[in-house]
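# Overview (structure and organization)
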Amino acid sequence: MLEAPVVIAISLIYIGLLFAVAWWGDKRADQKRSLIANPTIYALSMAVYCTTWTFYGSVGRAAVSGIGFLPVYLGPTLVMALCWFLLLKMIRIVKANRITSIADFISSRYGKSHVLGGLVTVIAVLGIIPYIALQLKAVSSSVSLLLSYPEIVMPNRSATMSVAADISFYIALILAAFTIVFGTRHLDATERHEGMVAAIALESSVKLVAFLAVGAYVTYGMYDGFGDIFEHINASPELQRLATAIPSGGGYTGWFSLIVLSAMALLFLPRQFQVAVVENVNEAHLKRAAWLFPLYLLLINVFVLPIALGGLLHFAGQGVDADTFVLTLPMSQRQECLTLLVFIGGLSAATGMVIVETIALSTMACNDLVMPLLIRHKRVALDESRDLSRLLLGIRRGAIVVILLLGYLYFRLAGEAYALVAIGLISFSAVAQFAPAMIGGMYWRGGTRDGALAGLSAGFLVWAYTLLLPSFAKSGWLPDDFLTQGLFGIELLRPQQLFGLTGFDEIAHCLFWSFLANIGAYVGFSLLRPPTAAEATQATVFVDALKDAGSVGPALWRGRAQVSDLQELVARFLGPARAQALFTAYARRRGVARGVMPEADAQLVQFAESLLAGAIGSASARVMVASVAKEEPLSIDEVMHILDEASQLRTYSRELERKSRELTAATLDLQEANERLQELDRVKDDIMSSVTHELRTPLTSIRAFSELLRDDPRMHLADRERFLGLIVSEAERLTRLINQTLDLAKIESGRADWNGCELNLKEVIEQSVAATSQLFREKEAHVELDLPDNLPLILADRDRLIQVMLNLLSNAVKFLAQGRGRVKVMLRLLTDGLEVSVADNGPGIRPEDQQLIFEKFRQVGDTMTAKPSGTGLGLPISRRIVEHFGGKLWVESVPGEGATFRFTLPFAPIQEQALAQVAAA
Ligand code: ADP
C-alpha cells in the first residue's frame, strides 16, 4: 500500500488541507471574524518550535543519551513560565513601531541602522538555511523509508533516496507557493498572516497527535506499558545505562548550556519571533500560552524514552538508525495506517517550520538587505513615478523562492554530512548571538549601534570559528588540521579547545566564548561614546515600552512636510487605495477634516513613517520619509532635553494624577462632613421644635388656670387651692424641662463638667434609694436591695450617678400599681465592671418602644396618668451619663410583667491594676 503514488497523493492531500485551512483563516480574517483571536491557536502556533528535529530527532538523541533530549524543552518551558515579560515587552515594542522581524527590531532600536539590520539578516540566513535543509532532508528520508516498505532500508543506503529527494524538491516548491500565497498577501507585513497561523496551529496539533499515537502504540501495543519496557531494559546492562544515565553528553555544563540556548532560541529564532511576537494579536494570549505551550512540550516528550528504548530492544543489532524509530517501529509491525499518520506528523513538523521560517527570513532579506541596496544604489525608490508596491511584493516572493531553493541545495550538497545532522544546535547558537543586543536594547539605554555591531560581529565570528567551521571540517569539506592543531598550527587557537579551554562539549564551549566576546564587545563599544540623538530616541522608545513611550517619538521630529507628499510616498509602497484609506482613517481618529491640514505635523510624519516601516523596515522607512520631508536635525543635547522633558512630563502627569486623586478624596470627605452638618442641623431644628412644643403645654395650663382664678374672684377656696397647686406643679415641670433641656444640651455639646472620682457604687445606690423612700412609701411599694459588699470601685461623677439612679427609681415607682408594687435593685460583679439593675413589676414596655424611650421627649405607652410629671428627657440624659463613663444603659421588659433597667460601668483603671495584681499573686 505504501507505494510512491500513494505517498505522493497523501502528501498532496495533506498539503491541500493546509491550503484550505489557511484560505479559510484568511477569509474569516477578511470578514473580521478572526480565527487567531483565539489564545489556543496562538499557543499552538508557538509549537512550530518542534520541528522534525523534535519529531524524529528526540528519539534518536534519547537512544544515545537517555534523557539528554530533555534540556532543549526545559529552556522554552522556563522562558514561558518565568520570562514571559520579555515576550510582553517585545510585543509592545513591535506593535508600537510596526516592526516586522528580528532584524528590524535590532536595527530600529539602535537608531534605525541599515548596517545592523543587514548584519542580523546575514547571521539569521546563514544560521537558518541549513536548518531548513534539515527539514527537507527529514522529509526525504521519511519518504525514502516508506518506499522501501515492507523492507526497512536505511535511507542513506536506499536506492529510493533520489526519488525521495525529488519528491521533497516538489514539496519545497509547493511550500514556496503556500508561503507566497499566504505570506505575502499584503505588503504591509504588520498585517497578520491569519491563514498561515491557523495552518501552523493545525500542523502543531497533527504532529502532536501523530507522535502520541505512535508512542501509545509502542508502549502499550508492542509492549505492556512503561513498566514492561523498563523491565526488558533491566535485563540488558548496556541499555540499562541509558535509562539511568542522567545528564550524559557534556554533563551538567552541557545541560545548563542547552537550557540557556534553547531558552534563547524560543525568544530569538526568526520563526518564533514571527509567531510569538509579530503575529500576536492580543497580549492577553500570552497567559494561555504560558501554560499551554509548556504542556504541549511535556506531551510531545512523554513517549520519547519509551519509543527510544522500545526501538533499541526491537531492532537490537539490525543497524536501524534511532532517528527513524518513530517510523520504523510501526513499519516493522505492518501498521500501515499508523505509519502513514507518523509520516504526516513528520511532514507537518517540517512544513510548519519551513513556512514560518521562510516568511520571517524573506521579510528580513527584503527589508534589510534588498531595500537598502535599492534605495542607495539604484535610486529606484526615489524615482517618483514608480509604484513600488508590486516591485516590493516581487522581491519578497523572489526571496521566498530563493531561500527555499538554497535550503534544498544545501540539503542535496550536504547529504549525510555532519554539518547537516548537527545543525539544530548550531542554528540555536547562531541566533543566541542576538540575545545581548536584543535584551540589552530593551533594558539598557546606554547600548549604541557601535556596541551592537561589535557584539554581533564578535559573537558571530566566534560562533563561526568554534562551531560552523569545525562542522564543515567534520563533514570533510575543510582540511581538519586546524581542528586538531589549531589555526596556523597555534595550539591555543584550536577551535574547540579555544585558549586551552577543555572539558566542555562543543556547544557549551561555543556558547561560553561567543557570549564572552559578544557581551564584552557590546558593552565595551557602547561605553566608548555616548548615544547619538537617534539612538537615544529609540532607546527611550524601547526601554520605556511598558510605560507610555508612544508620546516620545513625535516630540523628536522637527521639520516641514506636506501631507500630500507623505501620502504619495506611502501610496508608492502600499498602493494608492490603501494609502488613501489609512490617511483618511488617521485624520478621522485625530478629528481633523481631510484637506484642512496641508502641512503635516510631527505626529503625522511619524504615522507615515510607521506605515512605511511595516512595509519596508524601519531603517528604509526613515530614509524614505527624509526624502520628502525637510527635517531639521536635532542635536543630541536637544534630544536629551526633549527626552528629559518627556520624562519630566510623565513624572509631572503622574504627580497630577496623584494630586487629583487626593482632591477627589478630599471632596468626598467634605461631602460627608457637609452631610453630617446638615443632619446635625436637622436634629437641632427637631430639638428646637420639640422643646418649644413641650414648653407650650405646661405654659398653656398655667395660663388657663391663672385666667380661671382671675376671672372668677368668687371661686371656692378649695377649687382655688387646687388650681394654685396645679399652677405650682406645672411651673415646677417647666423648670425641670428647662433645666433638663439645658443639661442635655450641655452634655451633648461636650460642655458639661464631670467630676470623676473613684466611687463605691453600693453607697451611691443606697443614697439614691434613701432619697426616693418617701415616693415608695406613698405607693406602699416594697423595695428589695441585693447589694454585695467589697466590690471594686468604679470611676464616675457621684452626683451624676445619683441623677441616673433617681431617674430609674422614680420612673419605676411612677408606674407601680398602688399597694402591689415591688422594686428590686441589684448590684452584680462582671468580668470587666459592675452592673446595676432596677426591676419593677409595673406594666412594662412594649418591645417596639424599648428603643424609643431613650430618645428625647419620648413618653410612650399608657402613661397618661404619669405624663404631666415627666419630661421624656430622663432616660436620654441617663444613657449619656452612663456612656460618658464607658458603660451602657438598656431596658429589658415583657409587657405586663414589669421592666428591668440595667446599666454597666467599667472598673476604675487603678482598681483594674490592683485586681490584676491580685490575680497574679
Ligand atoms: P419621663 O420624664 O417621662 O419619665 P424618661 O425618659 O425617664 O422620661 O422616660 C421616658 C418614658 O419611658 C416614660 O415616659 C415611660 O413611657 C417609659 N418608662 C420609663 N421607665 C419605665 C418603667 N419603669 N416602666 C414603664 N415605662 C417606663
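Conventions and cut-offs
- Residues numbered from 1 in each chain as written.
- Predicted model: local features only at pLDDT ≥ 70, side-chain atom pairs only at ≥ 80, totals over all residues.
- Heavy atoms only, no water.
- UniProt positions renumbered as here; feature names shortened; annotations may be inferred.
- Core = buried A, V, L, I, M, F, W, Y, C linked by side-chain atoms within 4.5 Å.
- Buried < 20%, exposed > 50% of the residue type's maximum accessible area, 1.4 Å probe, protein only.
- Contact = heavy atoms within 4.5 Å.
- Helix = DSSP H or I, 4+ residues; strand = E, 2+ residues; numbered from the N terminus.
- Expected span 1.5 Å × (residues − 1).
- Bend = angle between axes of the 7 residues up to and from the residue.
- Polar contact = N/O pair within 3.5 Å; in protein donor to acceptor, adjacent residues only side chain to side chain.
- Salt bridge = Lys/Arg side-chain N within 4 Å of Asp/Glu carboxyl O.

Within an unreviewed UniProt entry, the label attached to the chain reads histidine kinase, and the organism entered is Candidatus Accumulibacter cognatus. Entered under Sequence similarities (unreviewed entry) in the UniProt record, the comment concerning the chain runs "Belongs to the sodium:solute symporter (SSF) (TC 2.A.21) family." Looking at the Catalytic activity (unreviewed entry) heading of the UniProt record, one finds this comment for the chain: "ATP + protein L-histidine = ADP + protein N-phospho-L-histidine."

### Topic: the nonpolar core
Tyr49, Met90, Phe105, Phe428 and Phe434 are the most contacted members of the largest nonpolar core, which totals 171 residues. Residues contacting tyrosine 49, with those up to four places away along its chain left out, are Thr54, Val72, Tyr73, Pro76, Ser262, Ala265, Leu266, Arg271, Gln272, Phe293, Leu297 and Phe428. Within the second largest apolar cluster, 49 residues are counted, among which are Val860, Ile881, Ala899 and Phe901.

### Concerning helix H8 (residues 114–147)
Under the 1.5 Å per step criterion, the end-to-end length of H8 is 48 Å for 34 residues, consistent within 8% with the ideal 50 Å. The largest bend in H8 amounts to roughly 25° and is located at isoleucine 128, with the proline proline 130 lying one to four residues further along. The element H8 is largely enclosed, with a buried count of 31 among its 34 residues. The N-capping residue of H8, defined by a side-chain oxygen 3.4 Å from the backbone nitrogen of valine 115, is serine 113.

### A short note on the environment of aspartate 719
Within the element layout of this structure, aspartate 719 appears in helix H33 (residues 717–749). As for aspartate 719 and leucine 709, which are separated by ten residues in sequence, their C-alpha atoms are 9.2 Å apart.

### Quick notes on the pattern of salt bridges
Any two side chains of opposite charge can pair if their charged atoms end up close together. Inspection of the entire model under this criterion finds 20 salt bridges. For the salt bridge of glutamate 730 with arginine 733, the shortest nitrogen-to-oxygen distance reads 3.9 Å. Taken together, the positions of glutamate 730 and arginine 733, both in helix H33 and three residues apart, correspond to about one turn of that helix. In terms of burial, glutamate 730 and arginine 733 fall into one category: buried. For the salt bridge of glutamate 835 with arginine 828, the shortest nitrogen-to-oxygen distance reads 3.2 Å. For glutamate 835, a relative accessible area of 7% corresponds to the buried category.

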